[in-house]
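Here is what each chain is made of, one letter per residue.
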Amino acid sequence: MTRFLAVMGLWAALGMANPVRASTGGGEDARAAAPSDLGILDFFTNGWADDWVHRHRETRDLALLKVTTNFLERELRVDYAYTSLLGNARYTGSNFLNALMAYAVNRRLMLEIIANYQWNVADGVVATNGLGGAALLRFQLIDTATASYSTQVRVSAPNRGIGQTQTTFGYYLAGWQDVRAWLPALGRVGLYYSFEYDNLQGPAAAGATRNSVSYDVSLARTWTQGTTPVFADLTTFLELYGTTTLDGDAAGKTVLSLTPGVRFWFVPKNSLTFGVELPVSPYPPWSVVARATYILNF
């Protein structure tokens, strides 16, 4: 992994100084001086003393629904998801509300705190519900005009109200590439990818999963400009997301899904994202997940 990241940093540092625009939020086209490039090889010496700035690119690099975000940000975000469950002996559906505040301290480090609430439904009646929370640190590894990579560590407390007993330690690597730098004819297309390893610690029933991996590959295309009224930087995307359990009774089980979605800024710095997650692997535990997100950049 260390060799892989070093190669990425060297690759990103060579020949990627395309003109960019900097702004503090989506849905804007104000021109400003482009921030300097950050790479793996200067991780400990560059960016820590710099004020945070969001690098604005013609090909938008965005926070989507499933893929781990690859850049640092300052935002308030609220997510809602409704899941229609299949083959569950206790519940027919579940509602999930998530709220977070992310704050980039500088160009290398971001802090985030998260609170969420889940209520599970059986035949239209709330059966169980409870409050959960998490915190994370995100580090910017690479930031250039055409590429971005980050890594993060997240700790999630168990939601005991719905029966969870284990604390989750998550380790992530996320990346983004401007596809237009390779194939200009495609327009403002970005390629996203992320990898996550989760380790669960704490008391659990026999046969419970303690280790799993998740992965995502997404494509997004931006169709409008940042000055377009109501639908600024309108972006459509498609996310392929998978999770594989590594141990327990479900060891080796993989669940894959596709999530088509759309994101746009209805006023500057305020965006909405909508998507529908559909299973594509055999014997899924759910039939559909409807997702909606509001983000305020600051």
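Below is a short write-up of the structure. (Residues numbered from 1 in each chain as written. Predicted model: local features only at pLDDT ≥ 70, side-chain atom pairs only at ≥ 80, totals over all residues. Heavy atoms only, no water.)

### Observations concerning the side chain of aspartate 61
Point 1. With respect to the helices and strands, the residue aspartate 61 is situated in the loop between β2 (54-56) and β3 (75-85).
Point 2. Within polar-contact distance, the side chain of aspartate 61 engages the side chain of asparagine 70 at 3.0 Å.
Point 3. Ignoring any residue separated from it by four or fewer positions in sequence, one finds aspartate 61 in contact with His54, Asn70, Phe71, Ser148, Trp176 and Tyr192. (Helix = DSSP H or I, 4+ residues; strand = E, 2+ residues; numbered from the N terminus. Polar contact = N/O pair within 3.5 Å; in protein donor to acceptor, adjacent residues only side chain to side chain. Contact = heavy atoms within 4.5 Å.)

### Describing the pattern of salt bridges
Point 1. Tallied over the entire structure, the rule returns 13 salt bridges.
Point 2. Ionic pairing is found between aspartate 61 and arginine 57, a salt bridge with its closest N-O pair at 3.7 Å. Neither residue differs from the other here; aspartate 61 and arginine 57 are each classed as buried.
Point 3. Between arginine 77 and aspartate 79 there is a salt bridge, with the nearest N and O atoms lying 2.9 Å from each other.
Point 4. Exposure remark for arginine 77: the relative accessible area of 10% places this residue in the buried category. (Salt bridge = Lys/Arg side-chain N within 4 Å of Asp/Glu carboxyl O. Buried < 20%, exposed > 50% of the residue type's maximum accessible area, 1.4 Å probe, protein only.)

### Description of the side chain of serine 214
Point 1. Along the chain, serine 214 turns up in strand β10 (residues 211-222).
Point 2. Reaching out from serine 214, the side chain makes a polar contact with the side chain of threonine 243 at a distance of 3.1 Å.

### Details of the nonpolar core
Point 1. Among the nonpolar cores identified, the biggest contains 10 residues, and these are Leu62, Leu64, Leu65, Val67, Trp176, Tyr192, Ala220, Ala232, Phe237 and Trp265.
Point 2. Among the nonpolar cores identified, the runner-up in size contains 9 residues, and Leu72, Leu100, Met110 and Ala134 belong to it. (Core = buried A, V, L, I, M, F, W, Y, C linked by side-chain atoms within 4.5 Å.)

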